[in-house]
Every structure is written in structure tokens, then in C-alpha cells.
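Understanding the architecture of this molecule
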There are 4 protein chains.
Amino acid sequence: MGQIKVGVVGGTGYAGVEIIRLLLGHPHAQLTALTSRADAGRRVDEVFPNLRGYLDLTFVAPDAARLHDCDVVFFATPNGTAMHDAPRLLDAGVRVIDLAADFRLQDVAEWSRWYGMAHACPERVPEAVYGLPEINREAIRSARLVANPGCYPTAIILGFLPLLRSGAVEPGRLIADAKSGASGAGRKAAITTLLTEAADNFHAYGVSGHRHLPEIREVLGARLGAPVDLVFVPHLLPMIRGIHATLYAGLRDARIDLQDLYETAYRDEPFVDVMPPGSHPETRSVRGGNLCRIAVSQAPGSDTAVVLSVIDNLVKGAAGQAVQNMNLMFGLREATGLESVSPLP
Amino acid sequence: MGQIKVGVVGGTGYAGVEIIRLLLGHPHAQLTALTSRADAGRRVDEVFPNLRGYLDLTFVAPDAARLHDCDVVFFATPNGTAMHDAPRLLDAGVRVIDLAADFRLQDVAEWSRWYGMAHACPERVPEAVYGLPEINREAIRSARLVANPGCYPTAIILGFLPLLRSGAVEPGRLIADAKSGASGAGRKAAITTLLTEAADNFHAYGVSGHRHLPEIREVLGARLGAPVDLVFVPHLLPMIRGIHATLYAGLRDARIDLQDLYETAYRDEPFVDVMPPGSHPETRSVRGGNLCRIAVSQAPGSDTAVVLSVIDNLVKGAAGQAVQNMNLMFGLREATGLESVSPLP
Amino acid sequence: MGQIKVGVVGGTGYAGVEIIRLLLGHPHAQLTALTSRADAGRRVDEVFPNLRGYLDLTFVAPDAARLHDCDVVFFATPNGTAMHDAPRLLDAGVRVIDLAADFRLQDVAEWSRWYGMAHACPERVPEAVYGLPEINREAIRSARLVANPGCYPTAIILGFLPLLRSGAVEPGRLIADAKSGASGAGRKAAITTLLTEAADNFHAYGVSGHRHLPEIREVLGARLGAPVDLVFVPHLLPMIRGIHATLYAGLRDARIDLQDLYETAYRDEPFVDVMPPGSHPETRSVRGGNLCRIAVSQAPGSDTAVVLSVIDNLVKGAAGQAVQNMNLMFGLREATGLESVSPLP
Amino acid sequence: MGQIKVGVVGGTGYAGVEIIRLLLGHPHAQLTALTSRADAGRRVDEVFPNLRGYLDLTFVAPDAARLHDCDVVFFATPNGTAMHDAPRLLDAGVRVIDLAADFRLQDVAEWSRWYGMAHACPERVPEAVYGLPEINREAIRSARLVANPGCYPTAIILGFLPLLRSGAVEPGRLIADAKSGASGAGRKAAITTLLTEAADNFHAYGVSGHRHLPEIREVLGARLGAPVDLVFVPHLLPMIRGIHATLYAGLRDARIDLQDLYETAYRDEPFVDVMPPGSHPETRSVRGGNLCRIAVSQAPGSDTAVVLSVIDNLVKGAAGQAVQNMNLMFGLREATGLESVSPLP
């Protein structure tokens, strides 16, 4: 088969450079256009020296016509960009995967409340497919517009799903205590994520409400056909990559075999690894890779299920999942280009 | 008044060197005997170069008679040491503060189950006072044997206490998601806390049961006069110092003023800081200091109280609290020697 | 004696907050005015939560008249600020300690070349005293305007000085390989010092020339009465605080007793610690403290002297040295307020 | 062609697991036997959870006969192991690549002095080929026993080589100021490389002499046909992977075009990247990869050449170089299995 021609809009953020890295190892994709408003005209490997020797490309301005020649365009842009630029590409027959939040919520009014702006193309929202293959694989195959999930939602939804789908827990009393490495804040000048502020330090943030909360609620609720409520507290970890979600849910029946429930649910999933009983998945065990590793147990002397779910926020939580979606959209083997082993240490 | 003569048994661990550091700045305490089995004969500042220029002492063997001349002896030893050596000191009129777990549980059978050994002096356990000044201040003043609390229990008990004492939450459905810096594992050769293993990484541990769980249950239960149960999941943070406990509890009445509840509860406490509404306490804001900083809020759209409680595990979670207890036992102002400001960054 | 009334201009940077921290523990200084252009009107402990409970002050606009009522004003501002604002204060009889570079070079033309701007008050430069007490103690006592040294120059000058003063090495072939924690870059939004960029990473910078190079050359040259040349390569360490300078110089006579040379040179210095032969000073051993710890040795089988010199860049390299200078200027014991022990770990 | 059957002795250290990781992505190598004295009988992915899903192997005892069936055996063992076990394998026709130091020095007496033991098979030393392809490519192709270079020597030799070979500098006044991540100390329980000791800290070590010094001297001296002397000071970086060598050498003629010298020297090397003038190579830009990135410049106003050389100590400094050597020994394309892109951030 021919190569898939790929464009990346906003290639100078962390999700963008991660897409580039993954596609350099992908046998059926060819980077055709990398755009950047700020760095147009600069060589890619000048901005990202880790890429020296691997590609010979220069960033172009984002409005470049060559995006129209792509088979698929990834938007690795801030929220509120793809909703302006994706429609023309879609009209031109280019498929779009948006790594930002623009198409993640079907409830556009709710979206506007959380993101503080009017939606530029609400009429396109219904056709967007939420790009979590573990729940939407078939829809993704034929999607023209994929809303790539948020990083926290990926770890949390995959962690809660078997419990909720099986009816093992009540959907109204879920707790997600989640911790993310600093790359979740992106590659932008800021004081709060300076090494001097974030290293050797730990704190929660967004206790009064985080944008990933409505996303988790909507997606889980849609799968369940019933409202799902959860308490979600994100924290900033003094490290670069990785999300660890620690999930708590009250079991309806404490005699359930949780290990079997999870192993069965994810038996055929290429990127969900249910670990042996008693495991404590480490974020580094998925660093740079597209896996979600999960351990499940029952708290000692309690009817509470405890789920530990880890991903690399930039891979399964962003660029890797986007490539997984691309593979599905173009009829490739789902794991193509996503099989490298996480280095240790 | 004269100087308090202080002995430290096990001075070469992190709690030990932290006691030394704090007492060097204490106007009414004098380090008299520092013992170490492994490092007897070595200068203290050879083992800990940060102390060069501040003291002129050499570690002595732990059985040295000079401990008997002390007014108070801190045991900064592994679990199972103080229960052997403290009785003779107590008999000689020396007051004892044990930073390990030997005297933390009144239920000796429970203690043996969790610590995997028989207790060497169960008859001494009843006189031990649990050294958390915020609940036991008066008893500590007259105590001869103080069981200094564990690090996790300090952060968690102080975080839950106002909720439980006021009856605002049910005592049977508490969740403590706690995260600790690597110094909680002590200064001992080990693979799991090597920089190469613990840096740029994050994971839970002890999901199947952690020794601090019975301690929290017993202490809170005793305060409440009723059984308290909680789910407790500890995690290892890729940093040196600090504990962050994120606590969840179901409110009986969602209209409660949580901020007022906490401010009232801790109004007169020198080492508990209830932060303004919407705060996210950082572990670094208490680094090297004896404060516990707490923020409390209600999860958005939920009847769940969320408490964020941070301490320095080596100070309020160990050595600082021990000095606070010593101050109480010897009639000093409680904050003496514990007033330094945490450096930022 | 009365309290020294202290103003801090630019109190929201790292040097500023460090001055505040140190003066909170200083028995003879009183913070009178803290200014900040960006944060005027905000409580200090809202910007820096580590200070909660220790002071009750609000940042004021930098032009506030109350600076004129101070006995001394610290400028913890970017380069090019003090040269505009200090003259009026000096005229009003207020003494000034500038932590930036404005008055560090006596050669104003050289200053303009390196700092890329014209000097606003070249006529004030001659009266400025370079505030390194180990070489200028007497001049500092009577100074009205002190140029507080740069962080790298402090570690490097103290490291080379005994070698150069004694004539043990040739002044033309010095190498300073220096490494600094990220706080050296200050508290300002930037990409290069994000945790995601600077953690788990290491690199040199400024190989083609760094502003501290002319400072080191001028100060050492003035002490020696002869031109001094050196190669200076700074590096960015993946950590918060600390400078480690590794210095190399060719010995004229390989039979010299370097240990004795250094011990003699610094025998009476309160803040220079010459460590025993074979030592490798750690940056953490001076963290938060005002010490410079130095080890000196001869490279095996070589006539090269190797000097290891460590400081906390924010203390002896900035705020601590500034307080040390203040103590000298006001006739206080030099170490007042600067005697806390560095915590370990 | 058939698969190369590979054995790894000592597979539970960091070099061992890195060989496993690299060979899992190698199209022509098959892991046949992984041995470990301590972990025999345990699944490999139980010891290293990052490998879950990628291989189905169990560690076997090191004396297992199946090593004899391998085409090549990597020794990723402590110093002093391969010299005992390699001879029998060599006699059986198995090729050996030793990642430890046993065969690195041709001067066996010198080896014994530095490593503190008698050599068990001095008669094998002459046939050992020093496995740095950039200097020994042809000899490696036909070697039966390869001594894989040390991590520091790899970065330092590659950095100095063009200067020395061209005669641009005098070989008697070289300075190598080198910094290594903590993984250089291996995966063994120790206090000095605990996160609590090594994080947020920096110091030199081995100033009085490091085992890599005679290795560098011997290898450079052999290439030059003349004695080479250098001052070598290693430092421990607060990070996991990466070596940064900052090299200084006095130029015989300051008008030399250093950039051209290096670009010419390494034009055809697949794993040496000479960066553009003014670059500061970052250790993360080679993380997990086999590249050595080098920048060269002349110190401003000086006749000193400054070379910045970075590698991943576990890849080009250990396992990757070993695989590169294997590729050469078995007639494969040299870069096979070593082409992954370093992730950023």
C-alpha cells in the first residue's frame, strides 16, 4: 500500500513532537507538512535536537495549502484552534484527529462553560467520534473526525469501565485521585511548571473543578446509559511523563472476582495490560509506550475496589492514541508503529 | 533554666540526623550522646558533612552508659529496638521518645501481627502516650514514654479529625490517598529507592495493607469512641521530603461550612495551618518545618469532603514532632526550636 | 540597638524571597518595605505560601516613598534596574546593596558590552564596593553602595584565590567548569527551565561567553595586580539550588602543600569551610546556608590543582551574601542570621 | 539469514535489561538464554515489568549449558566475572562481548592495580578487541572476544580523538570534566545512590583516581603511538541516564578550523553526530539511543578547545555499543536495531 500522507498542525508542542517521533518509526506514514505559527521557517531538528539525523523538514506556516494534500491531519494545538481550521480540511476530504478538546464533548453548551468560549462549529460536533479505541473501535474505523481523548480521561475511563459496565459498583460514588507529570501542562513558558517550582514538590490543583471532569462524566455516562458522577482531584507530580490514576468505588457485592472481571474485559485489547493480583503498576513501565497498565484489588477489610491505572500522558494519553486511531482509520494493524519497549531505568 | 541533656539512639538515620539538626538550633537542649552501632567511633560530621562546623561529637556505641545521664532519649531506630532498650532507661528515670512504632498501638496483639514479632515489653505499652500534641497535649506534658506518631498517620489524622469529631461525616467510609517522598523509606541500602528506580517514576505500594493503617484506625477510633474504618493507599513520590494526604469522606449534610469547622478546630494550634478556601497546599511550603498545612473543600456537585493535608515527613512526621513533644514534656514553649521558615524554591 | 529598617525592591524573585526568609530569622533587621511592580497589593504570603504565619506584609509599588525611610535597601531586581533607582536612595542617605550586576564591573564600557545597554549612572560605579567579604571586608564596612557578587563568581573566586594570591599557579591557564541549579535562572516564565526541559537532562550553555566571565576576570585581576585569564563553561543542573565549580590550574611547583595553603587562607573566615583531604563537597551540604565548602587536591600523576567549590547560589551566591554584607555595613557580627544548618537529606 | 542466538549473563542489572530491550527490537537476534544468579527461576517480566507483553522468558542459573548453544554471549556482570567464565565459551566457539572491565586493559598488571584482583586469564587478554567501532571497526568484525568500552571512556575518547589524531593539541595537558547519571552506578542496593542522597544534589567523586582513567590513557595512547595524559574528574548527576563530558585541551595553533576537523573525522560514522557551531548538546537528546553528539568550539579569547560530548551511558556507553559490536561481528548493518528516536521531553 502507499504511504499515508500526514500533516501535523502545532508541531512544536509536546504532543506534536511526540507524533513526529512515533511516525518516524511508522512503516506506513509519511510526514508531509509540519506547521507552527511561531517557528515557521526553522528546521524541525533545530527546535528538537533529539530529531537530528532522523528527518529533514522545516516548519511551515499553519495556513499552508499543503495540509489539503494530506490524507490525515493531526491538530496538536491549544484548545479552540481545530474548531476553526478543521472544517475546511474535512470539506476537502482530509481526515482530522484533534488532540485538543474541541470535539470531545457532545454537549456544546457544557463545552462552552468549561472552556470559556463559544464553539466555532457546533454543527460538526455530532460527527466527531471520541477516539478511545477500547470503547469506540468500530466507529473510529470509519470516522472522518476523531476527538482524541484527554490524558486523565484515558487513564480513568479505562480504569473504571469494567466495574461500571458489569454493574459491580454504583455509578454515583466514584473517586479518581489522579497524578500527572509536568508534561501535561505542555511546552509553554510558565512559572508554575518551572523546575524550580515543580521539582521536589507535590500538590493538588483544580479541586474546584477540572475540564476533564465533564469529559469523563459524559463518556462514562454514554456507555452506561445513566448518569455517572465522580470526584476527581488531579495532582502535579515532580516528574516529566506519566499519569497514575488511583480509583476508588464501592462494590455492590464484595465477593466479586475483580481480577477475572478485568482480565476478561481487556483480554483482546492490544494496549491494556491487566497486571497480576497484588501488582503496583509504575508509570515508568509505560514511559514512551502506548500501554495502559492496570491493577485491581479490594481494599483490605473493605468493600471498596481500588484500581491503579497508569499511562504515558503523551503517548496513550495523547500522541500514541492518536496514531492508534489513525491506524484504525486507515485499515492498518492497530499496533503499527506503537510497539517499542519502555526503557528501564 | 539548665539545658536538657539529650541522647539520640540511632543517630545515623534520617530521623536521627534531623533531630540533631533541629536541636542544634534549640536554645534549651544539649546533645549529650549520639549512638550508632554501625558508625561508633566516627565523627558525626564525617557521616553528615552538612553538620561540619556546627558540632564536635563522635558517635558512640548504643549501649554506652552515658544514655543514663540524659534527661531524655530519642530512639530513632528501626522498629523493635526501643522495646528492648527503653525499659532500662525508663527505670533509671530517663524519659523516652520513640520515633519507631514499638509503642504506637495499645493493642499489642495487633501490633505483633503487623510488625511480625512478639513485643518485648507489653507491660510498658499502657503507659506510652501517643505523641500527637493536637490530640494528647496534656498527657504528653506528664508522659515518661512517648510513642511518636508515624508520618502518614500524622498527616491523615490531623486531616480527618475535625470532620470526625464534629460528626460531619460517617466514620465508615473514609479514603486516604497518601503520597510520600522517598525519605520515608529511611537511609538504608535498597534497590527500590535508588534514584534510578524512584526518580521520574510514581507508583502505589502496600495496597494489600500498610502498617500505618491500624495506627490510624486505633487513634481515630479512640478519639471517637467508635470504630473508624478507612481505605488507605500509600504512594511513593519521586522526591526527597514531604507527605501529601488527599482525604475523601462522605458528608452527612452537604450544607456544612467546612472552612469554619477547620479554622475553629485548629485556631490555637501552633503547627496546624488551615489555608484559605481554594488553596492547594504544596509539600515544599512545609519543607524542613514542623507545620501541617491543610485545605478543605467540597468536591464540585458532590457531598464529598476533600481534605488536602501536607507535612514534612521527617519533621512534623518524625523529628520535629518529637522535639515538639520534648518541649511539652519539659515545660518549654511548644514551638521552641521549631520556627524556621521553609525555603522556597 | 535598634532594628535596621530594610527595604527589598523586587521581592517576588528568588533572591527576594530568600532575603525575606533570612531576615525573618535575623534578630536585628526589620522588613519595612517589600516592593513588586507586578504583585503590588498582594499579600506576600499569598505569593509565597511558605511564609504564611511568619509575616503580615503586602507588596507595594516600587516607587513607594517608604523606601526612603529604610536604613538599607536590597535590589533583587533584573539587571539595569538599580542603576536607575539607587542614586536617589543613596542621595537620601539610604545604603544600597544591589544583587544584580549593575555595579559589579568597574570597567563601564566592558559592562555595556556584556549587558547590552548604556549604564545609567557611570559616575556612581567607582564608589561601589564589590561585596565579597573574603576579599573586601573592610571596604564593605564603610560602603554605601555594595555590588553583591554573581553566584558563579563567588564560587569560582573563592576557589581560585589562594592559588593565585600565593603565586602557586600561572594566572593565564585557568579552567572553571561550573554547574548551577535551575534557580540561577530566576523566577520567570521560560521554556528552557521548565521541569519538562531541565529535569533528567544536563547540558552546557554560554560556551561562547557568559556575563560572569568579565566579572571573575576583573575581580581576580584587581586582587592580583595582573591580568587573569580563564576558560569558563557553565552548565545547567537538573536540580533547584546549588553551584559546584570544578576548577583546574597548572601548578608552578608540584610539591606545594595545597591543603595547608587553603586552610591557612581561610582559617578565620566564618563562611568558607576547607574540607579534609580527599573530600568531595556536596551541594546539598550548603543548601539554604551561607557556606562555601572547598576541597583541594592534586590530580593523580599530574601538576594540575583541582579545586571543588560549592555554594548555595541563592544564599552565599545571592541573598545570604547580601545579608552578610549588611551585617558588616551595620557593625553586626558577620554571621548574624546566617547560622542555620543545611537539612539532610 | 538465520537469527543470531544470544545469551546474556547477568541479565538483572541495568546493562542487562538494556541489552534485552534493544534486542527485542532487533530483527536478526533471538534471546536464547538470560542468566541471573540471584533471580534464577523468576520470569523476566516479573523482575522488569516494563517488559510485560514483549517476551516470555525466565532467568536461568548462570552455569546453564545453554550458553554454549549461543552464537554470542554478552557478559553484563560485575568486574571479575567474565574472566572466569568467558574462556570456556570461547573454547566452545561462542563469541563473547564483555560489558565489564575484564578485558579492557592490555596491561594486565595495571588492570590488577586498579581493579584490586589478579587476572584469571591473562593469556586471553591479547586477543580481546577494544569494542569502540569508531577506532577498531575492522578488528571488531573478526573478533571473538570484545571488551566493550566503559561509559566515560566512550564519551571522552570520541571527544578527544580528532584533536589528538590531527596533532592539533598537545597530548599532555588534557582535562576531562565528566558528569554521569546515577545509572552508571548500576542496579545494586547502596546508600550513596538512593534518591534521597543523589537527588537535588551534585558532587564530584574519585578525584584521587578512577578506574576509567587508565583505560582512556591506554586507548588514546595506543592510537597516538605516544603517551597521553589527562586529568579526569567524574561527577554524579541527579538524574537517571546520560553522560556529559566537557573536555579542555590547549591548541597548538589557535587558527585551526575545529568544526571542519570534527565534521571530517566523523563524516561516515553512523553514531557520532557533530552538531553545528555554537551548539550545546543535551544528554536527553541521546536518551535511550546509541548516538554520541559532540559540539566543539574555542573558548572566547583563549587557545583552549572546548569539546562537549554526550552519550546515554547505558546505550552508547554500554548495551547499545555492545549491540553495535555484535552487528559488526555478524556482518549485519551496523545500525541494525539501534535506530529509535530519543523521546523529548
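The structure presented is a predicted model; accordingly, all values stated were derived computationally and were not measured.

1. A closer look at the overall build of chain A
- In terms of regular secondary structure, chain A is built from ten helices and 13 strands.
- Here the C-alpha atoms of chain A give a radius of gyration of 20 Å, agreeing with the 20 Å that 2.2 N^0.38 yields for 345 residues.
- Taken along its principal axes, the extent of the C-alpha atoms in chain A is 60 × 45 × 40 Å.
- Of all 345 residues assigned to chain A, the portion counted as buried reaches 67%.
- Within chain A, contacts between residues at least 6 apart in sequence are counted, and of these 70% link residues at least 24 apart.
- A total of about 10,900 Å² of accessible surface is found on chain A, and carbon and sulfur atoms cover 49% of it.
- Here chain A carries 32 positive and 37 negative side-chain charges, and the mean point of each set is 2 Å from the other.

2. So, the packing of aromatic side chains
- Summed over all chains, the structure comprises eleven aromatic pairs over all chains.
- Taken together, a centroid distance of 5.0 Å and an interplanar angle of 20 degrees make the contact between Trp111 of chain B and Tyr115 of chain B stacked. Of this pair, Trp111 of chain B and Tyr115 of chain B both sit in helix α4 (residues 108-115), four residues apart, which is roughly one turn of that helix. There is no split in this pair, since Trp111 of chain B and Tyr115 of chain B are both buried.
- For the cation-ring pair, Arg95 of chain C lies above Phe330 of chain C, with the distance from its terminal atom to the ring centre recorded as 4.3 Å.

3. A few points about the relation of the copies chain A and chain B
- Placing chain A over chain B gives an RMSD of 0.0 Å and needs a rotation angle of 180 degrees, together with 0.0 Å of translation along the axis. Between the two chains, the operation in question is that of a two-fold axis. Scanning chain A for the C-alpha nearest the rotation axis identifies Pro238 of chain A, at a separation of 3.3 Å.
- Comparing contact sets, 100% of the residues at the interface of chain A also lie at the interface in chain B, consistent with an isologous, same-surface contact.

4. Observations regarding the interface of chain C and chain A
- Facing the 20 residues of chain C at the interface are 20 residues of chain A.
- Buried surface at the junction of chain C and chain A, summed over both partners, amounts to about 1,600 Å²; 71% is from carbon and sulfur atoms.
- Taken as a group, Leu195, Thr196 and Ile240 of chain C account for 38% of the area that chain C buries against chain A, more than any other trio of residues on that side.
- On inspection of chain C and its partner chain A, the count reaches one salt bridge.
- Here Arg187 of chain A makes a salt bridge to Glu197 of chain C, at a shortest N to O gap of 4.0 Å.
- Considered class by class, the residues forming the side of chain C that touches chain A number twelve nonpolar, four polar and four charged.

5. Some remarks on the interface of chain A and chain B
- Counting residues at the interface gives 47 residues for chain A and 47 residues for chain B.
- Taken over both partners, the interface formed by chain A and chain B buries close to 3,800 Å², and the fraction arising from carbon and sulfur atoms is 56%.
- The tally of links from chain A across to chain B stands at six salt bridges.
- With its nearest N and O atoms 2.5 Å apart, the salt bridge here joins Glu197 of chain A to Arg284 of chain B.
- Our count for the contact surface shared by chain A and chain B stands at 28 residue pairs in polar contact (both at pLDDT 80 or more).
- When residues of the side of chain A that touches chain B are traced back to their parent elements, those giving at least two are β7 (174-180), α7 (195-198), β8 (203-204), β9 (230-236), β10 (243-250) and β13 (304-311) of chain A.

6. Some points on the relation of the copies chain C and chain A
- Rotating chain C by 180 degrees and moving it 0.0 Å along the rotation axis overlays it on chain A with an RMSD of 0.0 Å.
- Mapped onto chain A, 100% of the interface residues of chain C are again interface residues, and the two copies thus contact each other with one and the same surface.

7. Details of the domain arrangement of chain A
All names here are of chain A.
- On domain assignment, one finds that chain A holds domain 1 (4-127) and domain 2 (151-312).
- Counting residues at the interface gives 15 residues for domain 1 and 14 residues for domain 2.
- Summed over both partners, the interface of domain 1 with domain 2 buries about 1,300 Å², with 51% contributed by carbon and sulfur atoms.
- The three residues of domain 1 that bury the most area against domain 2 are Tyr14, Arg104 and Trp114, which together make up 47% of that side's buried surface.
- Seen at the junction of domain 1 and domain 2, the total is three salt bridges.
- Salt-bridge contacts for Glu18 lead to Arg241; the nearest nitrogen and oxygen are separated by 2.9 Å.
- Taken together, the connections running from domain 1 to domain 2 amount to seven residue pairs in polar contact (both at pLDDT 80 or more).
- Each residue belonging to the side of domain 1 that touches domain 2 can be placed in one class, and the counts come to six nonpolar, four polar and five charged.

8. Looking at the pairing of strand β3 (residues 72-75) of chain A
Residues and elements named next belong to chain A.
- Of the two faces of β3, the one lined by Val72 and Phe74 and the one lined by Val73 and Phe75 are each fully buried.
- The pairing of strand β1 (residues 4-9) with β3 spans four bridges and is parallel. If you follow Val8 over to β3, its bridge partner there is Phe74.
- With four bridges connecting them, β3 and strand β4 (residues 95-98) associate as parallel partners. Residue pairing in the sheet places Phe74 in a bridge with Ile97 of β4.
- The handedness of the β3 to β4 crossover, carried by helix α3 (residues 82-91), is right-handed.

9. Brief notes about the sheet that holds strand β1 (residues 4-9) of chain D
All names here are of chain D.
- Sheet architecture is open: six strands sit in the order β2-β1-β3-β4-β6-β5, paired in parallel fashion. Edge strands, defined here as strands with exactly one partner in the open sheet, are β2 (29-35) and β5 (129-130).
- With respect to the sheet, helix α3 (residues 82-91) is in contact with β3 (72-75), β4 (95-98) and β6 (145-147), its orientation differing from that of β3 by roughly 180 degrees.

10. A closer look at the sheet that holds strand β7 (residues 174-180) of chain B
Residue and element names in this part refer to chain B.
- What the seven strands build is an open sheet, ordered β8-β9-β7-β10-β13-β12-β11; its pairing is mixed. Only two strands of the sheet have a single partner each, and these edge strands are β8 (203-204) and β11 (272-274).
- Across two bridges, β8 lies against strand β9 (residues 230-236) in antiparallel orientation. When the sheet's bridge partners are listed, His203 is paired in β9 with Leu236.
- Strand contacts of helix α6 (residues 151-165): β7, β9, β10 (243-250), β11, β12 (292-298) and β13 (304-311), with the helix running at about 30 degrees to β10, the strand carrying the most contacts.

11. Digging into helix α9 (residues 258-265) of chain A
All names here are of chain A.
- All of the buried residues along α9 are Leu258, Gln259, Leu261 and Tyr262. Buried residues of α9 fall within an arc of 165 degrees about the axis and therefore sit on the same side.
- The opening residue of α9, the one whose side-chain oxygen lies 3.2 Å from the backbone nitrogen of Gln259, is Asp257.

12. A few points about the packing of helix α1 (residues 14-24) of chain A against helix α10 (residues 315-329) of chain A
Residues and elements named next belong to chain A.
- Relative orientation of the contacting elements α1 and α10 amounts to 45 degrees, with a least axis distance of 9 Å. Considered as vectors, α1 and α10 are oriented oblique to each other. As for the relative orientation of α1 and α10, their crossing is right-handed in sense. Where α1 approaches α10, its residues Ala15, Glu18, Ile19, Arg21, Leu22 and Leu23 are matched on the opposing element by Val315, Ala319, Gly320, Val323 and Met326.
- Residues of the contact of α1 with α10, tallied by class, amount to eight nonpolar, one polar and two charged.

13. Digging into the pairing of strand β2 (residues 29-35) of chain C
Residues and elements named next belong to chain C.
- With respect to burial, β2 is a largely interior element, five of its seven residues being buried.
- Summarising the sheet, strand β1 (residues 4-9) and β2 pair through six bridges and their orientation is parallel. Note that in β2 the partner of Val9 across the bridge is Thr35.
- With helix α1 (residues 14-24) bridging β1 and the parallel β2, this β-α-β connection has right-handed handedness.

14. With respect to the UniProt feature "active site" (unreviewed entry) in chain A
Residue and element names in this part refer to chain A.
- The sites that UniProt annotates as "active site" (unreviewed entry) are Cys151.
- On the accessibility criterion, Cys151 (14% relative accessible area) is buried.
- When residues no more than four places from it in sequence are discounted, the contact partners of Cys151 are His212, Ile243, Ile311, Asn313 and Gly317.

15. Here we look at the state of the cysteines
- Overall, the coordinates contain zero disulfides over all chains when judged by the stated rule.
- Here Cys151 of chain B stays unpaired: no disulfide links it, and the sulfur of Cys292 of chain B, its closest cysteine neighbor, is 13 Å away.
- Considering cysteine sulfurs only, Cys121 of chain C is the nearest to Cys70 of chain C, which forms no disulfide, with 19 Å between them.

16. With respect to helix α4 (residues 108-115) of chain C
All names here are of chain C.
- Where α4 is concerned, the buried positions are Glu110, Trp111 and Tyr115. Seen from one end, α4 has its buried residues packed into an arc of 115 degrees, which puts them on one side.
- Check the buried side of α4 and you find it contacts α3 (82-91) and α8 (212-224).
- Among the residues of α4, the N-terminal cap falls to Asp107, whose side-chain oxygen and the backbone nitrogen of Ala109 are separated by 3.2 Å.
- Positive phi shows up at Gly116, right after α4, with a value of about 70 degrees.

The rules behind the values
- Counting restarts for each chain, with residues numbered from 1 along the sequence as it is written.
- Chain labels run from A onward and ligand labels from 1 onward, assigned in the order the entries are written.
- Local features in this predicted model are restricted to residues of pLDDT 70 or higher, and side-chain atom pairs are both shown and tallied only at a pLDDT of 80 or more, whereas totals for entire chains, interfaces and linings draw on every residue.
- To get the side-chain values, take all heavy atoms of the structure and skip hydrogens and water.
- Labels follow the DSSP assignment, with helices taken as runs of H or I lasting at least four residues and strands as runs of E lasting at least two, numbered in each case from the N terminus.
- Atoms counted for the radius of gyration: C-alpha only. Globule rule: 2.2 Å times residue count to the power 0.38.
- Partly exposed describes any residue whose relative accessible area lies between the buried limit of under 20% and the exposed limit of over 50%, with all areas from a 1.4 Å probe on protein chains only and scaled to the type maximum.
- Residue contacts are counted whenever heavy atoms from the two residues lie within 4.5 Å of one another.
- Values of accessible area rely on a 1.4 Å probe in the Shrake-Rupley scheme; residue burial ignores everything except the protein chains shown.
- When charges are counted, Lys and Arg contribute as positive and Asp and Glu as negative, whereas His and the chain ends are disregarded.
- Each charge is placed at NZ for Lys, CZ for Arg, CG for Asp and CD for Glu.
- The rule is short: rings of Phe, Tyr and Trp, with Trp giving its six-membered ring, pair when the centres are within 6.5 Å, and they are stacked under 30 degrees, edge-to-face over 60, tilted in between.
- The criterion for a charge sitting over a ring is simple: Lys NZ or Arg CZ within 6 Å of the ring centre, and within 35 degrees of the ring normal.
- Overlaid copies result from least-squares superposition on C-alpha atoms, with residues included only where pLDDT is at least 70 in both.
- Two parts placed together each lose some accessible area under a 1.4 Å probe, and adding up what both lose gives the buried area.
- Note on definitions: salt bridges are taken to be side-chain nitrogens of Lys or Arg within 4 Å of carboxyl oxygens of Asp or Glu.
- For this classification, Asp, Glu, Lys and Arg are treated as charged, while Ala, Val, Leu, Ile, Met, Phe, Trp, Tyr, Cys and Pro are nonpolar and the rest, including Gly, are polar.
- Here a polar contact is recorded for every N or O atom pair within 3.5 Å, except that within protein the pair must consist of a potential hydrogen donor and a potential acceptor, and residues adjacent in sequence are included only if both atoms are side-chain atoms.
- The start and end points of each domain follow an automatic or database-based domain assignment.
- At least two DSSP bridges between two strands are needed for those strands to be called paired.
- When the strands point away from the viewer and the path from the first strand over the helix to the second turns clockwise, the crossover is right-handed.
- All axes here are fitted lines through C-alpha atoms, helices being fitted over the stretch that makes contact, and every angle between N-to-C directions spans 0 to 180 degrees.
- Throughout, the arc means that of the directions going from the helix axis to the C-beta atoms.
- Angular relationships are summarised with four words: roughly parallel below 35 degrees, roughly antiparallel beyond 145, roughly perpendicular across 65 to 115, and oblique for the angles in between.
- Rotating anticlockwise by less than a right angle from the far helix to the near helix defines a left-handed crossing, while the corresponding clockwise rotation defines a right-handed one.
- UniProt positions are given in the numbering used here, feature names are shortened, and annotations may be inferred rather than shown by experiment.
- Note on disulfides: each one is a pair of cysteine sulfur atoms within 2.5 Å.

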